[in-house]
Amino acid sequence: MLGIKNISNRHKPDFLLIVFIFIIIAFGLVMLASASSDIAKMEFGNSYFYLNHQLLYGLLPGLIGFFIASGIYYQSYKKLIIPLFIVNIIMLFLVFSPLGVTSGGASRWLDLGLVFQPSEFLKIFFIIYIAAWLSGNEKRKDSFWGGFVPFLAICGLVSVLLILQPATSIVFILMASAAIIYFVSGAKISYILSAAALAVVVFLGMLYLTPDSYRTQRIMSFINPDQNVLSASYHSNQALIAVGSGNIFGVGYGESTTKIRYLPEPIGDSIFAVIAEELGFVGSIILILCFLILITRIFILAKRSSDNFAKLLLVGFASLIGIQVFVNIGAISGLIPLTGMPLPFISYGGTSLAVFMIISGIIVNITKHN
């Protein structure tokens, strides 16, 4: 049994959380309709092609996943997570097989009749696995060989598989979230600092060994945005132009000019630039505040939770959402190097939207029982 009918200590879900989840989703669909209309018209002769695709392959499976996840007693994942995590790892290997789909030089997709990104599902299964593993044995947070070393080993395996795709940004987001879970579980600060130092050394080593890689180019273009303005720095510079064009109140919904010809990935990684251009500083701040309320609410629920597994799950998911939001908006705003990471609930991508809605369903279920 999955525990769907488990009603022990059950009460109403956190409606404030649900309201803000669907406010952000609705906002994202409205902005996707604007950001994609012109390019969809030019490419497919249908202004709503990308919006319809997002509704069919993102929102619909996401709603199904949300309601199923919100009905499954969260404690059931302790028994299910090992086989689910193993299957996810196998799918990460399969992206390098004939079943894998390569696009833009990256092997991140798997075609099993439906094309999807296995790395996106790690945002669910990896976080659940780390939370279940740490809450399952209190000694793991203090033990070096029984806790710290296995923690590094599983994080290392996942990181290597993702870097080979390559998908460096998601490595940072997942590992940072795992480190926060590890810290909240009560792990020694020396373990956290050692893991962070090791990660920095590995990352610098990758940059040194691959001087011509996209990672190095993005960092160099961040340090010197006036260099290679037509190549490595082009994306970030166009994003900054779009953000700056919005001023206080924006140029108006649907009136962006950069999204048509100049801004790369206007419906994906760069959709926040379109939001800033069309809705201005005010619209951007409203969206950021919605994210802050959502993330803060999840952390508050985690603090109130009496169950350690629930607490670590909520902290992990809140960290995941918060870090990814910061990475996307920070990159588009020029605060950090460009990453290529989508904005949660907002950017075009069916797998990403569905995954974050499933995560939301799990969070809602936890609020029913804690």
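What you are looking at is a predicted structure, and each value in this text was computed from that prediction instead of being measured.

Visitor: With reference to specific residues and values, describe the pairing of strand 2 (residues 106-111).
Guide: Bridging between strand 1 (residues 100-103) and strand 2 involves four bridges; their strand directions are antiparallel. Across the sheet, Val101 pairs through a bridge with Trp109, a residue of strand 2. As defined by bridge partners, strand 2 adjoins strand 3 (residues 115-116) across two bridges and the pair is classed as antiparallel. The residue bridging Asp111 from the neighbouring strand is Val115, located in strand 3. As consecutive antiparallel partners, strand 2 and strand 3 are separated by three residues, and within that stretch Gly113 has a phi angle of approximately 95 degrees, a positive value.

Visitor: Quick one: what's the story with the sheet that holds strand 3, residue by residue and with numbers?
Guide: Strand order across the open sheet formed by three strands is 1-2-3, with antiparallel pairing between neighbours. In the strand order of this sheet, the two ends are held by strand 1 and strand 3, each with one partner.

Visitor: Residue-level account of the packing of helix 5 (residues 144-163) against helix 6 (residues 168-184), with values.
Guide: Helix 6 packs onto helix 5 with a crossing angle of 165 degrees between their chain directions and a minimal axis gap of 10 Å. As summarised for this structure, helix 5 and helix 6 are arranged roughly antiparallel, according to the angle between their axes. Seen along the crossing, helix 5 lies across helix 6 with a hand that is right-handed. Contacts between helix 5 and helix 6 involve Gly147, Phe148, Phe151, Cys155, Val158, Ser159, Leu162 and Ile163 on the former and, on the latter, Ile170, Val171, Leu174, Met175, Ala178, Ala179 and Tyr182. When its residues are assigned to classes, the contact of helix 5 with helix 6 shows 13 nonpolar, two polar and no charged.

Visitor: How would you summarise the packing of aromatic side chains if you had to cite specific residues and measurements?
Guide: Under the definition given, this model contains 17 aromatic pairs. Arranged with centres 5.2 Å apart and planes meeting at 85 degrees, the rings of Tyr50 and Tyr348 form a pair that is edge-to-face. Placement of the pair is Tyr50 in helix 2 (residues 49-71) and Tyr348 in the loop between helix 12 (308-332) and helix 13 (350-369), with a sequence separation of 298 residues. The exposure class of Tyr50 is buried, given its relative accessible area of 11%. A centroid spacing of 6.3 Å and a plane angle of 35 degrees characterise the contact between Phe85 and Phe126, whose relative ring orientation is tilted. Taken as a pair, Phe85 in helix 3 (residues 77-94) and Phe126 in helix 4 (residues 118-136) lie far apart in primary sequence, 41 residues in all. A single burial state applies to Phe85 and to Phe126, both of which are buried. Following the ring pairs from residue to residue traces out a cluster consisting of Phe44, Phe49, Tyr50 and Tyr348.

Visitor: Can you lay out unusual backbone geometry for me, pointing to particular residues and giving the numbers?
Guide: Gln165 connects to Pro166 through a cis peptide bond whose omega is -5 degrees. Turning to its location among the elements, Pro166 is positioned in the loop between helix 5 and helix 6. Residue Asn247 is not a glycine yet carries a positive backbone phi of 50 degrees. Note on placement: Asn247 falls in the loop between helix 9 (234-245) and helix 10 (258-261). Positive phi, normally seen in glycine, also occurs at Glu265, with a value near 50 degrees. Note on placement: Glu265 falls in the loop between helix 10 and helix 11 (271-304).

Here is what the cut-offs are and how they apply
Residues numbered from 1 in each chain as written. Predicted model: local features only at pLDDT ≥ 70, side-chain atom pairs only at ≥ 80, totals over all residues. Heavy atoms only, no water. Pairing = 2+ DSSP bridges. Helix = DSSP H or I, 4+ residues; strand = E, 2+ residues; numbered from the N terminus. Axes fitted to C-alpha atoms, helices over the stretch in contact; angles between N-to-C directions. Parallel < 35°, antiparallel > 145°, perpendicular 65-115°, else oblique. Left-handed = near helix turned anticlockwise from the far one by under 90°. Contact = heavy atoms within 4.5 Å. Nonpolar A, V, L, I, M, F, W, Y, C, P; charged D, E, K, R; others polar. Phe/Tyr/Trp six-rings, centres within 6.5 Å; stacked < 30°, edge-to-face > 60°. Buried < 20%, exposed > 50% of the residue type's maximum accessible area, 1.4 Å probe, protein only.

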